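Structural description and commentary
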Amino acid sequence: MRTWQHLIDGSWVAGVQGRTFKTVNPATGAHLADVAEGTAEDVDLAVGAACRAFEQSDWATDPEARAVALRRVADGLIRRQADFVAIEVEDTGLPISQAKGQAARAASNFTFFAEMATRMTGETYPQPGRFLNYTVRRPVGVAGLITPWNTPLMLESWKVAPCLASGNTCVLKPAEWSPLSAVLLGEVITEAGVPDGVFNIVHGFGETAGAPLVVHPQVPLISFTGETSTGQSIIRAGAERLKRFSMELGGKSPVVVFSDADQERALDAVVFGVYSLNGERCTAGSRVLIEDRIYPQFVERLARRVAAIRVGDPSDARTEVGPLIHPEHLGRVQGYLAAARQEGATVLVGGERPPGLEKGNFLTPALITEVRPNMRIVQEEVFGPVLVAMPFHGEEEALALANSVRYGLAGYVWTNDLTRAHRFAQALHAGMVWVNSQNVRDLRTPFGGAKDSGIGREGGHYSFDFYTETTSVQVALGPHAIPKFGADPV
Ligand code: NAD
């Protein structure tokens, strides 16, 4: 069986300590591959290579060359899309139809940021005849990119593309439960002619490979996507060296359905928004708040739809929900269902192992009702195919319920009242709000969360705020008053 290795300085290498770990197919439990297990020594080698590439190659100073190389990466992703999809399905359990969409989006990220590489402009602040002030943006150096196991390829592209487009070099630490597509991405990046050392990968566990990257003295930037609690410990670990962090963290996003909404479309969006990507989606609308006068009939229709979702083999094109990533995660999601029952909620649909799927981490999509706002199932991120439904009476209560959790990543509003739609969208405590829409995002718009869902925004030109340093330059265009201290001794 092939051992999937680290990518350091343009070469595929085993870990210094020679250790490996297993990755497992979540649909079957089968041993899929052995992967090099990185430690601080591997991180140090990768950071060293990234530093040399930053200082000695033209990567940081030639945006046109970066644009050309990143376009080639996008082409490579498109050319090898079938390989990416196959590996992503096996390694993550994502249904194949959705894995295809994620692979296409990864390619779009590279195409988009290839274009952005040449748009890394500054601003001018002229004072005619007296001063010219302007800003220049320059890359910062080596970025540590740490990613989670859900939709790994797409999330890696979301960090790697803007990081490289801005002229930085990087070390990627993929998640240990789904590390394989990163290797294919490394192959594509290498084949695209990106100079050795610009893009490096160190596999391994959070505590032993992620943590050394966070504290490494030559890594000034850390872009992290993962759980809020991990983000907190990463910030604590990096505080000593005043690292710059981008934090994309957890969510418990509300979908608010008013009675005047197009209920058919709202129903489609609610179901897709929480159960797609196996429910392992940061922007999942995992709490549906339904206006009380339509609550009974909406929930009845919702229950019928949820019960009819096709759960099964992720490589089957008709499958809508596949297995959860790992037995440990399945146990965690089941723990939330048990806690919900214990606190008095009703698991109206699902939450069971589907008949006929005895192996793998399968769970039927769950719909939970009869909840109170302070229950754990309402407050905490489950990160699985679990939806909580709650009634509300009036806009004020809807808003209070929507904002009553610690997270603030996304929000979704369904109403045909124009003024209410805008009023509500602006009052939601969320980094991103969709009105009468499912989660469709233009790559130019800012992505990120409020409250405990994150710090900072990435996407479009917002990525430059994180991945570049801004220098403000003041130039005198002629003489101006300069106080003459010491020029006139008494
Ligand atoms: P996680 O926090 O357990 O792990 C994420 C990554 O961090 C992994 O690569 C892991 O190895 C690494 N890591 C763990 N401990 C570390 C440490 N001490 N130092 C450095 N690295 C460390 O998250 P997960 O379980 O892989 O992913 C699920 C979470 O990710 C959910 O909370 C989800 O909402 C969140 N997520 C957020 C977004 C977003 O954009 N806001 C997108 C996707 C997922």
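Residues numbered from 1 in each chain as written. Predicted model: local features only at pLDDT ≥ 70, side-chain atom pairs only at ≥ 80, totals over all residues. Heavy atoms only, no water.

In a regular helix each residue adds 1.5 Å, so 12 residues correspond to 16 Å; helix 6 (residues 180–191) covers 17 Å between its end C-alpha atoms and thus fits that length. Among the 12 residues that make up helix 6, 10 are buried, leaving the element largely enclosed by the rest of the structure. The positive-phi residue at the C-terminal boundary of helix 6 is Gly 193, with phi of around 85 degrees. (Helix = DSSP H or I, 4+ residues; strand = E, 2+ residues; numbered from the N terminus. Expected span 1.5 Å × (residues − 1). Buried < 20%, exposed > 50% of the residue type's maximum accessible area, 1.4 Å probe, protein only.)

Before going further, it helps to spend a moment on the environment of Asn 361. With respect to the secondary-structure elements, Asn 361 resides in the loop between strand 15 (346–349) and strand 16 (366–369). Taking the relative accessible area as the measure of exposure, Asn 361 reaches 8% and is therefore buried. Sequence separation between Asn 361 and Asn 168 is 193 residues; the distance between their C-alpha atoms is 39 Å. Non-local contacts of Asn 361, meaning those with residues more than four positions away in its chain, are made with Pro 26, Pro 323, Leu 324, Ile 325, His 326, Pro 327 and Leu 330. (Contact = heavy atoms within 4.5 Å.)

Next up on the list: the layout of surface pockets. If you add up the space inside the largest pocket, you get close to 870 Å³. Along the wall of the largest pocket there are 33 residues; nearest its centre are Glu 176, Phe 224, Gly 226, Glu 227 and Thr 230. Listing elements by their share of the lining of the largest pocket, those giving two or more residues are helix 7 (206–215), strand 11 (221–225), helix 8 (228–239) and helix 11 (327–342). Ranked by residues supplied to the lining of the largest pocket, first place goes to helix 7 with 5 residues. A per-class count over the lining of the largest pocket returns 14 nonpolar, 11 polar and 8 charged. When residues are assigned to domains, the lining of the largest pocket turns out to be shared by domain 1 (3–249 + 453–474) and domain 2 (254–435), each giving three or more. Counted as a void, the second largest pocket has a volume near 550 Å³. (1 Å grid on protein atoms, 1.4 Å probe; cavity = no way out; pocket = protein on both sides within 12 Å on 5 of 7 lines; lining within 4 Å. Points joined across faces, edges and corners; volume = space filled by probe spheres on them. Nonpolar A, V, L, I, M, F, W, Y, C, P; charged D, E, K, R; others polar. Domains from an automatic or database assignment.)

Glancing now at the sheet that holds strand 4 (residues 20–24). Strand pairing within a sheet occurs via backbone hydrogen bonds; the two strands may be parallel or antiparallel. Strand order in the open sheet formed by 3 strands is 1-5-4, with mixed pairing between adjacent strands. The two strands at the open ends of the sheet, each matched to only one other strand, are strand 1 (3–4) and strand 4. Of the strand pairs in this sheet, strand 1 and strand 5 (residues 31–36) are connected by 2 bridges, and their pairing is parallel. What sits directly across from Thr 3, in strand 5, is Asp 34. The strands touched by helix 3 (residues 81–92) are strand 1, strand 4 and strand 5; relative to strand 4, the strand with the most contacts, the crossing angle is about 95 degrees. (Pairing = 2+ DSSP bridges. Axes fitted to C-alpha atoms, helices over the stretch in contact; angles between N-to-C directions.)

Turning our attention to the packing of aromatic side chains. Counting across every chain of the model gives 10 aromatic pairs. Both rings, one in Phe 466 and one in Tyr 467, keep their centres 4.7 Å apart while their planes meet at 80 degrees; by these two values the pair is edge-to-face. The pair Phe 466 / Tyr 467 is uniform in exposure class, with both members buried. Among the aromatic side chains, those forming a connected cluster through ring pairs are Phe 112, Phe 113, Trp 158 and Phe 447. The side chain of Arg 2 reaches across the aromatic face of Trp 4, ending 3.9 Å from its centre. (Phe/Tyr/Trp six-rings, centres within 6.5 Å; stacked < 30°, edge-to-face > 60°. Lys NZ or Arg CZ within 6 Å of the ring centre and 35° of its normal.)

In this section: the domain arrangement of the protein chain. Under the domain assignment, the protein chain is made up of domain 1 (3–249 + 453–474) and domain 2 (254–435). Once you take the C-alpha centre of each, domain 1 and domain 2 turn out to be 31 Å apart. Taken together, the contacts link 24 residues of domain 1 with 31 residues of domain 2. For the domain 1 face of the interface with domain 2, the top three residues by lost area are Trp 149, Trp 177 and Ser 453, together amounting to 27%. Across the contact surface, domain 1 and domain 2 share 1 salt bridge. For Arg 332, the salt bridge identified is with Glu 227, shortest N-O distance 2.9 Å. At the boundary of domain 1 and domain 2, one finds 10 residue pairs in polar contact (both at pLDDT 80 or more). Breaking the side of domain 1 that touches domain 2 down by element, the ones donating at least two residues are helix 3, helix 4 (96–117) and helix 8. Take the side of domain 1 that touches domain 2: its biggest share by element is 4 residues, from helix 4. (Buried area = accessible area lost by both parts, 1.4 Å probe. Salt bridge = Lys/Arg side-chain N within 4 Å of Asp/Glu carboxyl O. Polar contact = N/O pair within 3.5 Å; in protein donor to acceptor, adjacent residues only side chain to side chain.)

Spatially, the 3 strands line up as an open sheet ordered 6-7-23, and their pairing is antiparallel. Each edge of the open sheet carries a strand with a single partner, namely strand 6 (124–127) and strand 23 (468–476). Between one strand and the next, the sheet's axes are offset by a mean angle of 15 degrees, whatever the strand orientation. Here strand 6 runs beside strand 7 (residues 131–139); their pairing, made up of 4 bridges, is antiparallel. Across the sheet, the residue bridging to Tyr 125 is Asn 133, located in strand 7.

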